[in-house]
Amino acid sequence: KDLSVEKRIEYAKAITEASRRLADLISNILKLNKLENQQIFPTNETFNLSEQLCECLLNYENIWEEKEIEIETDIEDDVMITTDPEMLSIVWNNLFSNAFKFTGKNGKVSLSLKSENEYAIIKISDTGIGISKEVGKHIFDKFYQGDTSHATQGNGLGLALVKRIIDITGSDILVESSLNVGTTFTVKMQRSKND
């Protein structure tokens, strides 16, 4: 009763944010557990990867505007793939989330999609803080967080989920990074046979 309106709002925001992080953690643990115990069976749908990537990227428009991040895209039209679209969106959202989280004000995030023979090659790059070689060895491990300064913004499960989905869908993921220069994640996926 003795709290000012400002303090009440501040505390309510802190509780809301903590609740959101806890909900995200539980959701990611459940997803990863199901994936690891093969309780999730991916559906196979043929869909437009070009459109899915653009839609996922646009989810971060508020963040890139707020941080004045430059967006660079080079997306080939109508690249079709056959896999589970919902699972794959988890991959893109985690990679974009990290790119924007670790890229400072006035940095740059890039997205490219190209067809190479029977494969679709997706690159998500940033000019963020980068990853050391030592951290790079563990980034796909559960609960591992290489940059503890951003620990409150994540739970160390995002890239573990990404890796599990990439494995389940028979795709490949590669990370290249330099400290204080940036990071590029490259995903290589099989294109649809009729593409």
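See the structure shown above.
Predicted, not measured: the structure shown is a model, and the values here were computed from it.

K.L.:
Whenever I open this one, helix α4 (residues 85–102) confuses me. Can you help?
P.N.:
Two residues of an α-helix separated by three or four positions point the same way, owing to the 3.6 residues in each turn. With 18 residues, α4 should cover 26 Å at 1.5 Å per step; its first-to-last C-alpha distance of 26 Å lies within 8% of that length. The buried fraction of α4 is high, at 14 of 18 residues.

K.L.:
What's the story with the pattern of salt bridges in this structure? I'm lost.
P.N.:
Side-chain pairs of opposite charge can arise where the charged atoms are in close proximity. All chains considered together, the criterion is met by 5 salt bridges. In this structure, Lys 105 and Glu 68 form a salt bridge, with 2.9 Å as the shortest nitrogen-oxygen distance. Within this pair, whereas Lys 105 is found in the loop between α4 and β4 (108–116), its partner Glu 68 is found in the loop between α3 (61–66) and β2 (70–75), the two being separated by 37 residues in sequence. Since its relative accessible area comes to 45%, Glu 68 is described here as partly exposed.

K.L.:
Which parts of the structure should I look at to understand the environment of Asn 106?
P.N.:
Relative to the elements of secondary structure, Asn 106 occurs in the loop between α4 and β4. For Asn 106, a relative accessible area of 55% puts it in the exposed group. With sequence-adjacent residues up to four places away left out, Asn 106 is seen in contact with Lys 67 and Glu 68.

K.L.:
So what exactly am I meant to see when it comes to the packing of helix α2 (residues 49–58) against α4 here?
P.N.:
Describing two packed helices takes the angle between their axes plus the distance from one axis to the other. In the contact formed by α2 and α4, the axes pass within 9 Å of each other and the chain directions differ by 45°. Here α4 runs oblique to α2, going by the angle between their axes. The two elements α2 and α4 meet at a crossing, and its hand is right-handed. Along the contact surface, α2 presents Leu 49, Gln 52, Leu 53, Cys 56 and Leu 57, while α4 presents Pro 85, Leu 88, Ser 89, Trp 92, Asn 93, Phe 96 and Phe 100. Looking at the contact of α2 with α4 residue by residue, the classes come out as 9 nonpolar, 3 polar and no charged.

K.L.:
What is the right way to look at the side chain of Ser 192 in this model?
P.N.:
Tracing the chain through its elements places Ser 192 in the segment after β7 (182–190). A relative accessible area of 6% places Ser 192 in the buried class. At a separation of 2.8 Å, a polar atom in the side chain of Ser 192 contacts the side chain of Thr 82. Those residues within four positions of Ser 192 in sequence are excluded, and the remaining contacts are Thr 46, Met 80, Ile 81 and Thr 82.

K.L.:
What exactly am I supposed to notice about the sheet that holds strand β6 (residues 172–178) here?
P.N.:
What links the strands of a sheet is backbone hydrogen bonding, and the strands pair in either a parallel or an antiparallel sense. If you walk across this open sheet you meet the 5 strands as β2-β4-β5-β7-β6, and the pairing is mixed. The sheet is open, and its two borders are formed by β2 and β6, each paired with just one other strand. Pairs of neighbouring strands in the sheet enclose a mean axial angle of 10°, with direction left out of account. Bridge count between β2 and β4: 6 bridges; the pairing is parallel. Paired with Ile 75 across the bridge in β4 is Leu 113. The strands touched by α2 within the sheet are β2, β4 and β5 (119–126), with β4 carrying the most contacts at an inclination of about 170°. Contacting β2, β4, β5, β6 and β7, α4 crosses the sheet at an angle of about 25° to β5.

The rules behind each value
Residues numbered from 1 in each chain as written. Predicted model: local features only at pLDDT ≥ 70, side-chain atom pairs only at ≥ 80, totals over all residues. Heavy atoms only, no water. Helix = DSSP H or I, 4+ residues; strand = E, 2+ residues; numbered from the N terminus. Expected span 1.5 Å × (residues − 1). Buried < 20%, exposed > 50% of the residue type's maximum accessible area, 1.4 Å probe, protein only. Salt bridge = Lys/Arg side-chain N within 4 Å of Asp/Glu carboxyl O. Contact = heavy atoms within 4.5 Å. Axes fitted to C-alpha atoms, helices over the stretch in contact; angles between N-to-C directions. Parallel < 35°, antiparallel > 145°, perpendicular 65-115°, else oblique. Left-handed = near helix turned anticlockwise from the far one by under 90°. Nonpolar A, V, L, I, M, F, W, Y, C, P; charged D, E, K, R; others polar. Polar contact = N/O pair within 3.5 Å; in protein donor to acceptor, adjacent residues only side chain to side chain. Pairing = 2+ DSSP bridges.

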